[in-house]
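Residue strings, one per chain:
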Amino acid sequence: MFERLLRPALFRIGGGDAEAAHEWTLRRLAAVSRSAPALAALRARYAVRAPRTVFGVEFPNPVGLAAGMDKNGVALPAWPALGFGFVEVGTVTAHAQPGNPRPRLFRLRDSEAVINRMGFNNAGAEALAARLAALPRPLGVPLGISLGKSKVTPLADAVEDYLASYRALRDHGDYFAVNVSSPNTPGLRSLQDRAHLDALLAALVGEKPVLVKIAPDLTEPAIAELLEVCLARGAAGVIATNTTLARDGLADVDRPRGGETGGLSGRPLTGRAREVVSFVHRETGGRLPVVGVGGILDPDDASRMLDAGASLVQLYTGFIYRGPALVRAAARTAPTP
Ligand SMILES: Cc1cc2nc3c(=O)[nH]c(=O)nc-3n(C[C@H](O)[C@H](O)[C@H](O)COP(=O)(O)O)c2cc1C
């Protein structure tokens, strides 16, 4: 039903403008979030229980919504009703910011991929805190909050900037994701280096689980170094991976679009994201839980990610191409830990 009817309609919104379809979807899901009967109907259809505890947090199932879909947390109750076992909001920054000029989101349909250069468009940490404080009831699933650096803040002041967001939001998240891997904020990815990451984790690790989200474009030695810092500083886990700057695996018709600046997600990322998950799992001997994300478009992709060593998985692009049936199917096929 999603792929035959709803998806073609969604892909026509705004003359094919991917961000217009995204905004329409979020508005609909925000409306659903305010309707108890609509939520109950979705829950009856999509919710799956396959519980597990990871970094001390209980998850009703291991399939989460990846960061970037609901940056400002406007449709929070809808996501668990659509089957997600956890939700990561953000990336949010200390200062509200508009992001890059539009267009900045592109579908590459034949490749089942997306390129985005959103640039952390978000209403800011304080606004998100206010929204979360006003949520009428507990969400029923863990809430992750992804933190990034404000564009106006120089790299040298990054720690203070992340800390300001963390302080505003710490009472509201079950875990925090330190996003040092978006390709769309100049210099951000250099925060994956040993010295920068060490300072960042020294400031943030404490009360709540803190996970580090990494880029798929790092070399294995660079990931190994990053993992040493994560282990030494008591990070709760790693989220692997963010979007890639690589352009491998595109269908011929999508090659011109592949020239758009930004991070690529979806099918072309499946193999590389799984490799990174497997590397992190091996390198740490399983001591650092991994959230596997990147190119999960079928339930088998989720199973393989879990087999590669992920404790949890997330998806974004798969939701665009497959809809909520993917979430349910992936959660159902997840093996009991
Ligand atoms: C439009 C868009 C916006 C995104 N924004 C964020 C973000 O704000 N923070 C973040 O950590 N990841 C962001 N991501 C990356 C996703 O969370 C995910 O890591 C990546 O897309 C790979 O997963 P996928 O292939 O299932 O989409 C974004 C991805 C897309 C497609």
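Nothing here was measured: the structure is a model prediction, and the numbers come from that model. Throughout, residues of each chain are indexed from 1 in the direction in which the sequence is written. With the structure being a predicted model, the display of local features is reserved for residues of pLDDT at least 70 and the display and counting of side-chain atom pairs for 80 or more, all residues being used for whole-chain, interface and lining totals. The basis for every side-chain value is the complete set of heavy atoms in the structure, and neither hydrogens nor water enter the calculation.

Elements are defined by DSSP. Helices are runs of H or I of four residues or more, strands are runs of E of two residues or more, and each kind is numbered from the N terminus. From N to C terminus, the chain includes 13 helices and 13 strands. The globule rule is 2.2 Å times the number of residues to the power 0.38, and the radius of gyration it is compared with is taken over C-alpha atoms. For 337 residues, the compact-globule formula gives about 20 Å, and the C-alpha radius of gyration of the chain, at 18 Å, lands near that figure. Principal axes of the C-alpha set define a box for the chain whose edges measure 50 × 45 × 40 Å. Here's how the labels work: a residue is buried when its accessible area is under 20% of the maximum for its type, exposed when over 50%, partly exposed in between, all with a 1.4 Å probe on protein chains only. Classification of the 337 residues of the chain by burial places 58% in the buried group. Whether two residues are in contact is decided by their heavy atoms, any of which lying within 4.5 Å being enough. Taking the contacts inside the chain whose residues are at least 6 apart along the sequence as the reference set, 73% of them involve residues at least 24 apart. Here, Shrake-Rupley sampling with a 1.4 Å probe gives the accessible areas, and only protein chains in the shown set may cover a residue. Split by element, the accessible area of the chain, about 13,600 Å² in all, is 52% carbon and sulfur. Separation between the mean location of the 39 positive side-chain charges and that of the 32 negative ones in the chain comes to 7 Å. We count Lys and Arg on the positive side and Asp and Glu on the negative side, and we leave His and both chain ends out. By convention, the point assigned to a charge is CZ for Arg, NZ for Lys, CD for Glu and CG for Asp.

Once that is clear, we can look at the sheet that holds strand β11 (residues 263–266). Strand order in the open sheet made by the 3 strands is β5-β6-β11, with antiparallel pairing throughout. Strands at the two margins of the open sheet, each flanked by one partner only, are β5 (105–108) and β11. The mean angle between the axes of side-by-side strands here comes to 25°, regardless of whether they run parallel or antiparallel. Paired strands, as defined in this entry, are two strands with at least two bridges between them according to DSSP. Fitting a line to C-alpha atoms yields each axis, with helices limited to the stretch in contact; the angle taken between N-to-C directions then spans 0 to 180 degrees.

A few words now on the site of the ligand. Taken together, 22 residues form the shell around the ligand, and within it Ala67, Thr91, Lys213, Gly295 and Thr317 come nearest. Side-chain polar atom of lysine 213 to an oxygen atom of the ligand: 2.8 Å apart, as the coordinates give it. Alone, the ligand offers 600 Å² of accessible surface; in the complex the protein occludes 98% of this. Contributing elements (two or more residues each) for the shell around the ligand: β6 (113–116) and β11. When residues are sorted by character, Ala, Val, Leu, Ile, Met, Phe, Trp, Tyr, Cys and Pro go into the nonpolar class, Asp, Glu, Lys and Arg into the charged class, and all the rest, Gly among them, into the polar class. Residue composition of the shell around the ligand, by class: 8 nonpolar, 12 polar and 2 charged. Nearness is judged by heavy atoms alone; a residue qualifies as near a molecule or strand once a single heavy atom is within 4 Å of it. Polar contacts here mean pairs of N or O atoms no more than 3.5 Å apart (in protein, one a potential hydrogen donor and the other a potential acceptor; neighbouring residues in sequence count only if both atoms are side-chain atoms).

Moving on, we get to the pairing of β5. Where burial is concerned, the two faces of β5 agree: the one with Leu105 and Arg107 and the one with Phe106 and Leu108 are both buried. Sheet topology places β5 next to β6; 4 bridges connect them, and they run antiparallel. Of the residues in β6, the one forming a bridge with leucine 108 is alanine 113. Hairpin geometry of β5 and β6 is characterised by an intervening segment of 4 residues between the two adjacent antiparallel strands and by a positive phi of about 50° at glutamate 112.

Moving on to the nonpolar core. For our purposes a nonpolar core is just a set of buried Ala, Val, Leu, Ile, Met, Phe, Trp, Tyr and Cys residues, chained together by side-chain atoms within 4.5 Å. Counting 81 residues, the largest nonpolar core has Trp79, Ile145, Tyr162, Leu169, Ile214 and Cys230 as the members making the most contacts within it. Residues contacting leucine 169, with those up to four places away along its chain left out, are Val92, Ala125, Leu128, Ala129, Leu132, Ile145, Leu147 and Phe176. Core analysis: the next-biggest nonpolar cluster, separate from the first, contains 14 residues, Val54, Ala177, Ala236 and Ile239 among them.

Once that is clear, we can look at the UniProt feature "binding site: substrate" (unreviewed entry) in the chain. UniProt positions are given in the numbering used here, feature names are shortened, and annotations may be inferred rather than shown by experiment. The sites that UniProt annotates as "binding site: substrate" (unreviewed entry) are Lys71, Asn116, Arg117, Met118, Gly119, Phe120, Asn179, Asn184, Asn242 and Thr243. Counting through the fold element by element, arginine 117 comes out in the loop between β6 and α5 (125–133). Residue class for arginine 117 comes out buried when judged on its relative accessible area of 18%. Among residues more than four places away in sequence, those in contact with arginine 117 are Asn100, Pro103, Arg104, Phe106, Asn184, Glu260, Thr261 and Gly262. Along the chain, threonine 243 turns up in the loop between β10 (237–240) and α9 (255–258). Relative accessible area serves as the criterion here: at 9%, threonine 243 is assigned to the buried category. Excluding residues within four positions of it along the chain, threonine 243 makes contact with Asn116, Pro183, Arg189, Pro216, Asp217, Gly263, Leu264, Ser265 and Leu269.

Here the focus is helix α10 (residues 270–283). Between its first and last C-alpha, α10 extends 20 Å over 14 residues, near the 20 Å set by a 1.5 Å rise per residue. Taken residue by residue, α10 has Thr270, Ala273, Val276, Val277, Phe279 and Val280 as its buried positions. Immediately beyond the C-terminal end of α10, within one or two residues, lies glycine 285, with a positive phi of roughly 60°. What a helix is expected to span follows from its residue count: subtract one and scale by 1.5 Å.

This part covers the packing of helix α11 (residues 299–307) against helix α13 (residues 324–333). Relative orientation of the contacting elements α11 and α13 amounts to 40°, with a least axis distance of 8 Å. For the element pair α11 / α13, the angle class is oblique. Crossing angle aside, the handedness with which α11 passes α13 is right-handed. The residues of α13 that touch α11, namely those facing Pro299, Ala302 and Ser303, are Leu326, Ala329, Ala330 and Thr333. For classification purposes, an angle smaller than 35 degrees is called roughly parallel, one larger than 145 roughly antiparallel, one from 65 to 115 roughly perpendicular, and anything else oblique. By convention the crossing between two helices is left-handed if the near helix lies anticlockwise of the far one by an angle smaller than a right angle, and right-handed if it lies clockwise.

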